[in-house]
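Below are the chains, spelled out letter by letter.
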Amino acid sequence: MVIFALQITRILTDIIQLLPDNIANQIAAGEVIQRPGSAVKELMENAVDAGADEIKLIINDAGKSLVQVIDNGRGMSATDARMAFERHATSKIKNIEDLFKIKTMGFRGEALASIAAVAQVELKTKREEDESGTYIEIENSKVKQQEPIASNKGTSIAMKNLFFNVPARRNFLKSNTAELRHIVEEFTRVAMAFPDVFFSLQSNGQEVFHLEKGSFKQRIVQILGNNYNAKLVSVQEQTDYLNIMGFVGKPETAKKTRGDQYLFVNNRFIKSAYLNHAIMNAFSDLIPKDSYPMYALFIDLDPAQLDINVHPTKQEIKFEDDKIVYAFVQAAVKHALAQFSITPTLDFELDPSIERLDAISKPVSPEQKSSTASSSLYQAFTQKNQAHLIEKGSNLQHWKDFYESPDNTQSQKDSNFEKQLLHQPVENTFPLLQLHQTYIIKQRQNGFVVIHQQNAHERILYEKYANAVSGKPIATQQSLFPATLELSPADTVLMNELLSDMKELGYQLEPFGQNTFVIQGTPADVDSGNEKVAIEKMLEQYKHFSSEVKFSKREKLLRSMAIQHAVKSGIALTQKEMQNIAEELFLSEMPSSTPSGKPTFMNFDKSDMDKMFGR
Ligand code: ADP
Ligand code: MG
C-alpha cells in the first residue's frame, strides 16, 4: 500500500517530457536561422556543396516573405529530398573523424531542418539520372505535400514567410533596409569565395548582382566596385603547411570602415580579430591610423589543422596552431606590399625563417609539435624585431583594440561654464590667432580660450544639420553639369536608404539605372567638381558608424556629414573664418564637445596664468 502510494506521487510529480520534433527544431533553429540573411547563407552554401556552377538568389521584402535559391547542382533523390529536412540529416559526414577532413561548407545537417521549423518551404529537386523530379511542401516541420514533378537538373528551395509561426522572433527582425544589408553581406561572402560559379541576386524583381564567372580578381571588382581595378596587390605564398592567396588593396584605397575585408579559410568566410590584426600590422606604417585596408585573402590548409565546429554558423574557427597562421598571414601581406615597392624596406626574411620551421616542412605529429615549440627556430620566429613578432603581453593585448571601440561616450560637461562664457563681454577688437593651423586663440576679458578648429566646426555643423532635418532644410545648389556616381551594389542599398534624409541636408541624388545616381544638387558649401568625393567620403564615414546600434540612421548621417564637411586641422584660416567658428561655436547648444565627446575648446584664466608666473 505504501509502495503504491509512493508510485502515485512519483507519477504525479515526474515532470520531464520529450519535446515534440517541431518544437525541438524551432528551438534549434534559433542558433542557425536568426534572420533572412542566415537562410541566404545556408541555402547558398548548400548549392555550392551540390557542385552547382550557377546559383540564383531571389528575395522579396528583404527575405521576410521570400528567400529562394535556385541551383544547377546535383539534386536529390525523392527519399533524400524528404530526409534532408530531418535534424542531423547530412550527406557530408558519417563519423566523428570526418569532422577533421571537411571540404564542404555544411556538415551539421541542421540548416534545412531549422528552416522548415520556422517557415513554409517549397523544394523542387531533380538529379540528372532521374526521370522526374520531386516537389515537397513543408511547414512547421510537417510535410504538407510530396509529389513527382517535371523539372531540370538541380534544386530550388523557397523559404516563405520566415517566423510565420514564431511571432516573437518575427518582431525582432529589423527594417527591410537593414535586413537587406545582411543579405547582401552573406551573398557577397559566398560569391567572393567561388569566382568560378555564376551568382545573381534579385530583390523585389530587380537584379542587384549579376556575377559572371571569372578570375578571383574580376570577382572582387564585380563585388567591390571598379575603384579597385588597378589598385589590387596580389598576395601569394605557398608552403607545406598552408597556402595564402588573394589580394590586398593598395594603401591609398584604405577606408574609414572595415567593410571591404574578407578572410576565408578553406573557402569559408571567417571572422578573426586575431588574423585581422596580423594584416593590419603588415600595413601599419603605410596607412593612417584608424583606417582600414581592403583585403580578400584565402588561407588553405589541411582541415585536420582546424576545428570549424566551434560556432553554430561556423563563422569562427579554431586553428590547431594560430600563432603560425598569424605569422604567415602577416609575413605574406608584408611580402606582397614590399614586392610591389609599396613598402620601401624589408625588415625580415620571409621564406627561410618560416620554411625551416619543422611544423611547416614536415607533417605534424603531437611529438613533433612539442619539439617544434621548444626548438630554437620557433623561438627565433617569435623573437623581437622580426616582422612576424608575436609577443605575449604587449602585442597580443593591443590587437583587441582593433575590435573594442574606444569609449567616446564621455559625458557632457555641465554647461554652466559655456553659458557664463557666452554672456561675458568678449574683446572683439583683438584679432584671433591661429597656431599650428589647428588652434584658434581668442582673448577674452579674464583670460583666453583655445579652440580646436576641427572639433569646433564639427559641433557647429552637426547642430546645423540637426536643424535641417527637423524642418529647416539646407538650400541645395543645383549642379549645372550633373555628375554621376557609381557605387558598389552594397553601397547602393545603403544610399537608397539615405536618399530622403540627404535631400534635407542639401544633397539631391536621383537613382539612375543600376548602382548609379545622378548628383542633381549639393549643399552650397561643397565645391563643384568635388561632389563625388564628398559623397563617397560621407558614405564611408556613415559605414564607420554602422556598428553603433545606439544611433538611429539619421543620427549616423548627421554625424557623418559633420565629420566629413568640417574644416580639418592643418588648414590655414582667414580672420573671418576664425571669427565665424568662434562665434558659431558659442551660439550652439552644446558648445563644449563634438557629438562624439571630444572637447572643442579649453579655457585659460588670466589669474591662473598670473599665479604660474609668480604674479
Ligand atoms: P548540411 O549542409 O550540413 O549537410 P543541410 O540541412 O543544409 O545540412 O542539408 C541537408 C542535406 O540536404 C545535405 O547534406 C545535402 O545532402 C542535401 N541538400 C541540401 N541542399 C541541397 C542542394 N541545393 N542540392 C543538393 N542537395 C542538397
Ligand atoms: Mg547546409
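Before reading on, note that the structure itself is shown above.
How each quantity is defined
Residues numbered from 1 in each chain as written. Chains lettered and ligands numbered in written order. Predicted model: local features only at pLDDT ≥ 70, side-chain atom pairs only at ≥ 80, totals over all residues. Heavy atoms only, no water. Helix = DSSP H or I, 4+ residues; strand = E, 2+ residues; numbered from the N terminus. Buried < 20%, exposed > 50% of the residue type's maximum accessible area, 1.4 Å probe, protein only. Contact = heavy atoms within 4.5 Å. Areas by Shrake-Rupley, 256 points an atom, 1.4 Å probe, with all protein chains shown as cover. Phe/Tyr/Trp six-rings, centres within 6.5 Å; stacked < 30°, edge-to-face > 60°. Core = buried A, V, L, I, M, F, W, Y, C linked by side-chain atoms within 4.5 Å. Domains from an automatic or database assignment. 1 Å grid on protein atoms, 1.4 Å probe; cavity = no way out; pocket = protein on both sides within 12 Å on 5 of 7 lines; lining within 4 Å. Points joined across faces, edges and corners; volume = space filled by probe spheres on them. Nonpolar A, V, L, I, M, F, W, Y, C, P; charged D, E, K, R; others polar. Pairing = 2+ DSSP bridges. Axes fitted to C-alpha atoms, helices over the stretch in contact; angles between N-to-C directions.

**Student:** Even after reading the chapter, I still don't get the overall build of the chain, so can you show me in this structure?
**Tutor:** Broken down by element type, the chain carries 22 helices and 22 strands. With 615 residues in all, the chain has 49% of them scored as buried. Contacts spanning at least 24 positions in sequence make up 68% of the contacts within the chain whose residues lie at least 6 apart. Element-wise, carbon and sulfur atoms account for 52% of the exposed surface of the chain, whose accessible area totals about 31000 Å².

**Student:** Can you walk me through the packing of aromatic side chains in this structure?
**Tutor:** Two numbers describe a pair of aromatic rings. These are the distance of the centres and the angle of the planes. Here the structure, examined in full by the defined rule, presents eleven aromatic pairs. Between F216 and F298, the ring centres sit 4.7 Å apart and the planes meet at 90°, which makes this aromatic pair edge-to-face. Placement of the pair is F216 in helix 8 (residues 216-224) and F298 in strand 13 (residues 295-301), with a sequence separation of 82 residues. F216 sits in the buried class, given a relative accessible area of 8%. Taking the centre distance of 4.9 Å and the plane angle of 70° together, the rings of F586 and F601 count as edge-to-face. Pair noted here: F586 is in helix 21 (residues 575-587) and F601 is in strand 22 (residues 601-605), with a separation of 15 residues, a long-range link. On the accessibility criterion, F586 (9% relative accessible area) is buried.

**Student:** Could you clarify how one ought to interpret the nonpolar core in this entry?
**Tutor:** Soluble, globular proteins show a tendency: their nonpolar side chains are buried together. In terms of nonpolar packing, the biggest core is built from 67 residues, with L57, F187, F199 and I220 touching the most fellow members. It is helix 7 (residues 176-193) that contributes the most residues to this core, eight residues altogether. Counting residues domain by domain, this core receives three or more from each of domain 1 (21-208) and domain 2 (216-339). Discounting residues that sit within four places of it in the chain, F187 has contacts with V40, M44, L57, F199, S200, L201, F209 and L211. Judged by nonpolar contacts, the second largest core, of 37 residues, contains L99, I279, Y295 and F328.

**Student:** For this particular structure, what's the right way to read empty space enclosed by the protein?
**Tutor:** Rolled over the atoms, a probe sized like a water molecule indicates the empty space that remains. Counting across every chain of the model gives five cavities of 30 Å³ or more. Roughly 100 Å³ of internal volume is contained in the largest cavity. Forming the boundary of the largest cavity are 15 residues, of which K41, E45, R189, V190 and F269 lie nearest the centre. Counting only elements with at least two residues in the lining of the largest cavity, the list comes to helix 3 (36-49), helix 7 and strand 12 (268-269). Broken down by element, the lining of the largest cavity gets its largest block of residues, four residues, from helix 7. Its residues assigned to classes, the lining of the largest cavity shows six nonpolar, three polar and six charged.

**Student:** Explain the sheet that holds strand 16 (residues 433-435) here, please?
**Tutor:** Either a parallel or an antiparallel arrangement is found when strands of a sheet pair, and the pairing is made through backbone hydrogen bonds. Strands sit in the order 16-17-18-22 across an open sheet of four strands; the sheet is antiparallel. Both edges of this open sheet fall to strand 16 and strand 22, since each of them pairs with a single strand only. Averaged over all pairs of adjacent strands, the angle between their axes in this sheet comes to 25°, without regard to strand direction. Across three bridges, strand 16 lies against strand 17 (residues 439-444) in antiparallel orientation. Residue pairing for strand 17: L435 is matched across the bridge by Y439. Along the sheet, helix 17 (residues 453-469) makes contact with strand 16, strand 17 and strand 18 (447-452), crossing strand 18 at roughly 75°.

All we've got here are geometric facts, nothing functional implied.
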